[in-house]
Amino acid sequence: MAVFPWHSRNRNYKAEFATCRLETVPLEFGDYHPLKPITVTESKTKKVSRKGSTSSTSSSSGSVVDPLSSVLDGTDPLSVFAANADPVAIAAVKNLFMGSEKGRAGPAAFAVSEKVRTRLEELDDFEEGSQKELLNLTQQDYVNRIEELNQSLKDAWASDQKVKALKIVIQCSKLLSDTSVIHFYPSKFVLITDILDTFGNLVYERILSMCVGDHSVLPGNFSPENVNDTARETCLNWFFKIASIRELIPRFYVEASILKCNKFLSKMGISECLPRLTCMIRGIGDPLVSVYARAYLCRVGMEVAPHLKESLNKNFFDFLLTFKQIHGDTVQNHLAVQGVELSSYLPLYSPAMDWIFQCISYRAPENLLTEMMERCKKLGNNALLLNSVMSAFRAEFIATRSLDFIGMIKECSEAGFPKHLLFRSLGLNLALADPPEGDRLQILNEAWRVITKLKNPQDYIDCAEVWAEYTCRHFTKREVNTVLADIIKHMTPDRAFEDSYPQLQSIIKKVIAHFHDFAVLFSVEKFLPFLDMFQKESVRVEVCKCIMELFIKHQHEPTKDPVILNALLHVCKTMHDSVNALTLEDEKRTLACLINGFVKMVSFGRDFEQQLSFYVEARSMFCNLEPVLVQLIHSVSRLAMETRKVMKGNHSRKTAAFVRACVAYCFITIPSLVGIFTRLNLYLLAGQVALANQCLSQADAFFKAAISLIPEVPKTINVDGKMRPSEPFLLEFLCNFFSTLLIVPDHPEHGVLFLVRELLNVIQDYTWEDTSDDKIRIYTYVLHLLSAMSQETYLYHVDKVDSNDSLYGGDSKFLAENNKLCEMVMTQILEHLRALAKDEALKRQSLLGLSFFNSILAHGDLRNNRLNQLSVNLWHLAQRHGYADTRTMVKTLEYIKKRSEQPDMTHLSELALRLPLQTRT
């Protein structure tokens, strides 16, 4: 293949900028504007109303099967009872479930046939999972069995076995009378009431579905008049069946679970049932069972009838009347049999009592709290009761009466419910609401006087955690320091802190959350000793991360405070030293991000030498986290550029030495990085910084280091956890590198265009992918670079740095060397195009041929006949096999014709005539 000489065209960059500038077009204001509000025209259409009835007056009992009778032999036991009994007996049963006092009947009215008795006993028997079946099970087995019963309930209902579903609920409810494993009772209550809730929802939805038959829609606030006869009869039937349950506890719970269904029968049904169910609880002898029954009734009542607070209040007052039973002989004997201490028995009441009190206190006025406090005093300031009061009422109400509550706590007996739990409950309220300002110090002293005397470390830290929040909210660093010192004193012996890391973490978070001035925070004498209690590395690192997150969030101004710097260097060092071979990449990134946030917030102002000293110290401390080292290199590079800005580019001997020290820092640090493209890009950046500060030999060293690193670039690299080809990244880097090399002056001892020659040798020797054309694209970019270097004046410069246009001044020998390199690069490109034809890679050949044609058009002097002929040949090559995009070719030809109209480009008109457009056949 013949060698084509390269002739760069002379460029007038100012004129080109002027011609390429966007044309200014006068703005014409019309009716349309893209941001103008849209006007929507409403078209009126006739609405078609849908006919439908919201209620049904006719009974559909003939078409709807009763949910319970289908399981029996066609007649349910209550229907038989209704048929055989006299009207007085029927009225008595109705009174039983509706709570009416009218129509009382004598004993003879409840006589039933043997057949009816047998049917009723069926409800007391359940073949799948009777009470006996649940005895002698482990706790986990018990939980699993209850969950199985819950699923069995759903399955039975889905398969239309309504009686079986009712039996399951009855048997589960019976379990709530058993306190043989007394500590498990609250958990058992939760499990079984979940089954009751499921049953109640199934019954309600079933009856509701009967009300919306025949295309009628039941309104959300429906009344019993809207309910059809079938639904009403089915609902009545359910209540009849539940009324026939023999035992009190299951009868109470099952009826309470379907309390909402009273809406289908009577407007006053729920308001009549709640007092009756409240009175039923009086028949439960065990106070623990009784209080949980009251809690369930409160929960159901608040859900279906929150306006009936008076009935719920009656439930609570009943509880107060029977509260002394807890300390009676029966309970004490029961506890003695099970070997349960009173101190572990009384907390079992707390969940139920808390729920009852929350229901009572919901939207309650403040005077109700005053009434409750008086009742507590009448009951001898019972600690359990007082604790529930403080847990239920609004924190604002409690906070204003803090000293009153403290006085009541002092008078409480320690038996069964220790005082420190009461102080903890009070502290939880004070963390949400502020007490009167004049009372705050006295409150803290009274509480801490009790807390500091606690011998058990777990009891102590549970209270201290809560009151640390109160101290931070209302007092200065002196009081906070006293609290931290007391915590250290209590938790250090026997390494008690090892069992209380969650509470200690909570305390440290509360402290730093309230002290946004980190100079004040780190001046707290016991803060760092408090951190030393976190001996477990994972916990220690989490605490340090929390500190750094809040520092980055709240520290808005750079700082040089030595107290802050020393403390946070210690914190960051702790995070850094936790990194090992097993640390996940995500965790490394998180830690590096936090440390970088600290590094960027450190500023010594104009004391640049002190700033560089900090960066040197940080590099030695954080050498295992690559992102931190990268940030330090960027920070030092910026420091050098700030120095240049301050000196306005005219360095003194001192500042010149300083920027060389910054450059040396980067040169030493970059090789320690692992990511090869990170190193390449930082070498380029640092070289640019050195060049901007007139450190020419240092800049050459960076660029040479980058060139020598290119052969080490692997074929694939890891990008976000996935292996990607490296050539696109290398191509991007080299393009940036070429842009910098334009302004780098030649070294006097290394000959003309030394760096460009070195780079070309590396590109030539690099092993490129066989199916890639990136090597030729790079050669094309080199051709652009060499063309720019042949201009009399370069496109851009670095201030106070003489580039080759100034050094050589258009010297013919320099231009001859430049042209030789151009010819060598062109030869490589043309050989590659010919090789593509042999490999039948015709589409690639077409694309590269057009790309090379555009390069010659942009940078070459087409008045040269041989270069002109080469461009014509490339045009034909791009279209030869039909792979060229016709639209692109047309646009290119139009561009050439438009350029030929310029005064110094008339020769392009002749070229345009030689560039035909080929049609595809």
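Presented here is a report on the structure given in the accompanying data block.

The rules behind these values
All chains use their own residue numbering, which begins from 1 and follows the written sequence. Two thresholds apply to this predicted model, a pLDDT of at least 70 for residue-level local features and 80 or more for giving and counting side-chain atom pairs, whereas whole-chain, interface and lining totals are computed over all residues. As a convention, hydrogens and water are excluded, and side-chain values are obtained from all of the structure's heavy atoms. Numbering goes from the N terminus for both helices and strands, where a helix is a DSSP run of H or I of at least four residues and a strand is a run of E of at least two. Only protein chains enter the area calculation, which uses a 1.4 Å probe; residues under 20% of their type maximum are buried, those over 50% are exposed, and those in between are partly exposed. Here the open area of atoms and residues is found with the Shrake-Rupley method and a 1.4 Å probe, where only the protein chains shown may cover a residue. For salt bridges, the criterion is a side-chain nitrogen of Lys or Arg within 4 Å of an Asp or Glu carboxyl oxygen. Nonpolar side chains (Val, Leu, Ile, Met, Phe, Trp, Tyr) within 5 Å and like charges within 9 Å form the patches, drawn only from residues with over 30% relative accessible area and no salt bridge. Think of it this way: Lys and Arg go in the positive column, Asp and Glu in the negative one, and His and the chain ends go nowhere. Charge placement uses NZ in Lys and CZ in Arg. For Asp and Glu, CG and CD serve respectively. Each aromatic pair joins two rings of Phe, Tyr and Trp (for Trp, the six-membered one) with centres within 6.5 Å, and gets the label stacked for planes under 30 degrees apart, edge-to-face for over 60, and tilted for any other angle. A ring is scored as having a charge over it whenever the NZ atom of a lysine or the CZ atom of an arginine sits within 6 Å of its centre and within 35 degrees of its normal. Being paired, for any two strands, means DSSP has found at least two bridges between them. Pairs of N or O atoms are called polar contacts if they sit within 3.5 Å, as long as, within protein, a hydrogen donor faces a hydrogen acceptor (for residues adjacent in sequence, only side-chain-to-side-chain pairs). To get an axis, a line is fitted to the C-alpha atoms, and for a helix only the part in contact is used. The angle between two axes follows their N-to-C directions and goes from 0 to 180 degrees. Should the near helix be turned anticlockwise from the far one by less than a right angle, the crossing is termed left-handed; should it be turned clockwise, right-handed. Contacts: residue pairs with any heavy atoms within 4.5 Å of one another. Under the scheme applied, nonpolar residues are Ala, Val, Leu, Ile, Met, Phe, Trp, Tyr, Cys and Pro; charged residues are Asp, Glu, Lys and Arg; polar residues are all the others, including Gly. We call a set of buried residues a nonpolar core when its members are Ala, Val, Leu, Ile, Met, Phe, Trp, Tyr or Cys and they connect through side-chain atoms within 4.5 Å of each other. Disulfide: a pair of cysteine sulfur atoms within 2.5 Å of each other. Given a helix with a known number of residues, its expected span is that number minus one, times 1.5 Å. To sort the angles, those under 35 degrees are grouped as roughly parallel, those over 145 as roughly antiparallel, those from 65 to 115 as roughly perpendicular, and the leftovers as oblique.

**Comments concerning the overall build of the protein**
Stage number 1. Counting its regular elements, the protein contains 43 helices and two strands.
Stage number 2. Out of the 921 residues in the protein, the part that is buried amounts to 50%.
Stage number 3. Counting every atom, the protein has about 46,300 Å² of accessible surface; 52% of that belongs to carbon and sulfur.

**As for the pattern of salt bridges**
A side chain with one charge can pair with a side chain of the opposite charge if their charged atoms come near.
Stage number 1. The final tally for this structure, using the stated rule, is 26 salt bridges.
Stage number 2. Of the charged contacts in the structure, one is a salt bridge between Lys188 and Asp178, with a shortest N-O distance of 3.8 Å. Taken together, the residues span a long stretch of sequence, with Lys188 in helix H7 (residues 185–211) and Asp178 in the loop between helix H6 (162–174) and H7 at a distance of ten residues.
Stage number 3. Looking at Lys188, the relative accessible area reads 5%, which means it is buried.
Stage number 4. By relative accessible area, Asp178 is classed as partly exposed at 26%.
Stage number 5. Among the salt bridges present, the one from Glu498 reaches Arg495, with a minimum N-O distance of 2.7 Å.
Stage number 6. A relative accessible area of 38% places Glu498 in the partly exposed class.

**Examining a negative patch on the surface**
Stage number 1. A grouping of Glu769, Asp770, Asp839 and Glu840 is seen on the molecular surface, where their side chains present a negatively charged patch.
Stage number 2. Structurally, Glu840 can be placed in the loop between helix H39 (812–838) and helix H40 (842–859).

**Focus on the packing of aromatic side chains**
Stage number 1. Evaluated as defined, the whole model comprises 33 aromatic pairs.
Stage number 2. A ring pair is formed by Trp157 and Trp238, whose centres lie 5.8 Å apart and whose planes are at 20 degrees; its orientation type is stacked. With Trp157 in helix H5 (residues 139–158) and Trp238 in helix H8 (residues 229–243), this pair connects stretches of sequence that are 81 residues apart. When sorted by exposure, Trp157 lands in the same class as Trp238, which is buried.
Stage number 3. With a centroid separation of 6.1 Å and an interplanar angle of 25 degrees, the aromatic rings of Tyr501 and Phe534 are classed as stacked. Of the two residues, Tyr501 sits in helix H24 (residues 501–514) while Phe534 sits in the loop between helix H26 (527–531) and helix H27 (537–554), which places them 33 residues apart along the sequence. Residue Tyr501 shares its accessibility class with Phe534, and that shared class is buried.
Stage number 4. By way of ring pairs, the aromatic residues Phe518, Phe522, Phe527, Phe551, Phe598, Phe604, Phe614 and Tyr615 are connected into one cluster.
Stage number 5. When the ring centre of Tyr204 is taken as reference, the NZ or CZ atom of Lys260 above it lies at 4.4 Å.
Stage number 6. One cation-aromatic arrangement involves Arg619 over Tyr665; the distance from NZ or CZ to the ring centre is 4.1 Å.

**Considerations on the pairing of strand S1 (residues 716–719)**
Stage number 1. Sheet topology places S1 next to strand S2 (residues 722–725); four bridges connect them, and they run antiparallel. Pairing of Val719 across the sheet is with Lys722, part of S2.
Stage number 2. What sits between S1 and S2 in their antiparallel hairpin is a turn of two residues, with Asp720 showing a positive phi close to 55 degrees.

**Brief notes about the environment of Thr193**
Stage number 1. Note that Thr193 resides in helix H7.
Stage number 2. Within the local environment of Thr193, its side chain forms a polar contact with the backbone oxygen of Val190, the two atoms lying 3.2 Å apart.

**Topic: the packing of H7 against helix H11 (residues 287–304)**
Stage number 1. One way to put it is that H7 packs onto H11 with a least axis distance of 12 Å and a crossing angle of 35 degrees. Of the two elements, H7 crosses H11, and the hand of that crossing is right-handed. Of the residues in H11, those in contact with Tyr185, Pro186, Phe189, Thr193, Leu196 and Asp197 of H7 are Leu288, Val289, Tyr292, Tyr296 and Arg299.
Stage number 2. In terms of residue class, the contact of H7 with H11 is made up of eight nonpolar, one polar and two charged.

**Examining unusual backbone geometry**
A negative phi angle is the norm for most residues apart from glycine, just as the trans form is the norm for most peptide bonds.
Stage number 1. Even without being glycine, Lys648 reaches a positive phi, approximately 55 degrees.
Stage number 2. Along the chain, Lys648 turns up in the loop between helix H31 (626–647) and helix H32 (653–669).
Stage number 3. Judged by relative accessible area, Lys648 falls into the exposed class, the value being 67%.
Stage number 4. The backbone of Leu753 shows a phi angle near 50 degrees, a positive value even though the residue is not glycine.

**As for the nonpolar core**
Stage number 1. Grouped together as the largest cluster of nonpolar side chains are 291 residues, with contacts concentrated most on Tyr345, Trp467 and Ile487.
Stage number 2. Leave out the neighbours within four places in its chain, and Tyr345 touches Ile182, Pro287, Leu288, Ile326, Val331, Leu335 and Val340.

**Focus on the side chain of Glu446**
Stage number 1. Turning to its location among the elements, Glu446 is positioned in helix H21 (residues 440–451).
Stage number 2. With a relative accessible area of 15%, Glu446 lands in the buried category.
Stage number 3. Not counting residues up to four positions away in its chain, the partners in contact with Glu446 are Ile406, Lys410 and Phe423.

**Looking at the state of the cysteines**
Stage number 1. According to the stated counting rule, one finds zero disulfides in the structure shown.
Stage number 2. As a non-bridged cysteine, Cys572 has Cys544 as the owner of its nearest cysteine sulfur, 8.3 Å distant.

**Considering helix H33 (residues 676–692)**
Stage number 1. End to end, H33 covers 24 Å across 17 residues, agreeing with the expected 24 Å (1.5 Å per residue, within 8%).
Stage number 2. The element H33 is largely enclosed, with a buried count of 13 among its 17 residues.
Stage number 3. Just beyond H33, the residue with positive phi is Gln694, at close to 60 degrees.

**Details of the packing of H39 against H40**
Stage number 1. Packing of H39 against H40 leaves a shortest axis separation of 8 Å and a crossing angle of 155 degrees. Classified by the angle between their axes, H39 and H40 sit roughly antiparallel to one another. The two elements H39 and H40 meet at a crossing, and its hand is left-handed. Taking contact as the criterion, the partners of Met826, Ile829, Leu830, His832, Leu833, Leu836 and Ala837 in H39 are, on H40, Leu842, Arg844, Gln845, Leu848, Gly849 and Phe852.
Stage number 2. Of the residues assigned to the contact of H39 with H40, the class counts are nine nonpolar, three polar and one charged.

**Things to note about a nonpolar patch on the surface**
Stage number 1. Taken together, the side chains of Phe17, Leu795 and Tyr796 define a hydrophobic patch exposed on the protein surface, amounting to about 290 Å² of accessible area.
Stage number 2. Looking at the secondary structure, you find Leu795 in the loop between helix H37 (774–789) and helix H38 (804–808).
Stage number 3. Overall, Leu795 belongs to the partly exposed group, its relative accessible area being 40%.

**Focus on the environment of Gly687**
Stage number 1. By the element assignment, Gly687 lies in helix H33.
Stage number 2. For Gly687, a relative accessible area of 0% gives the class buried.
Stage number 3. Sequence spacing of Gly687 and Lys704 is 17 residues, and the spatial spacing of their C-alpha atoms is 9.7 Å.
Stage number 4. For Gly687, the contacting residues outside a window of four places in its chain are Ala699, Phe702 and Phe703.

**A closer look at the side chain of Ser635**
Stage number 1. Positionally, Ser635 belongs in helix H31.
Stage number 2. Of the residues examined, Ser635 reaches a relative accessible area of 2% and is grouped as buried.

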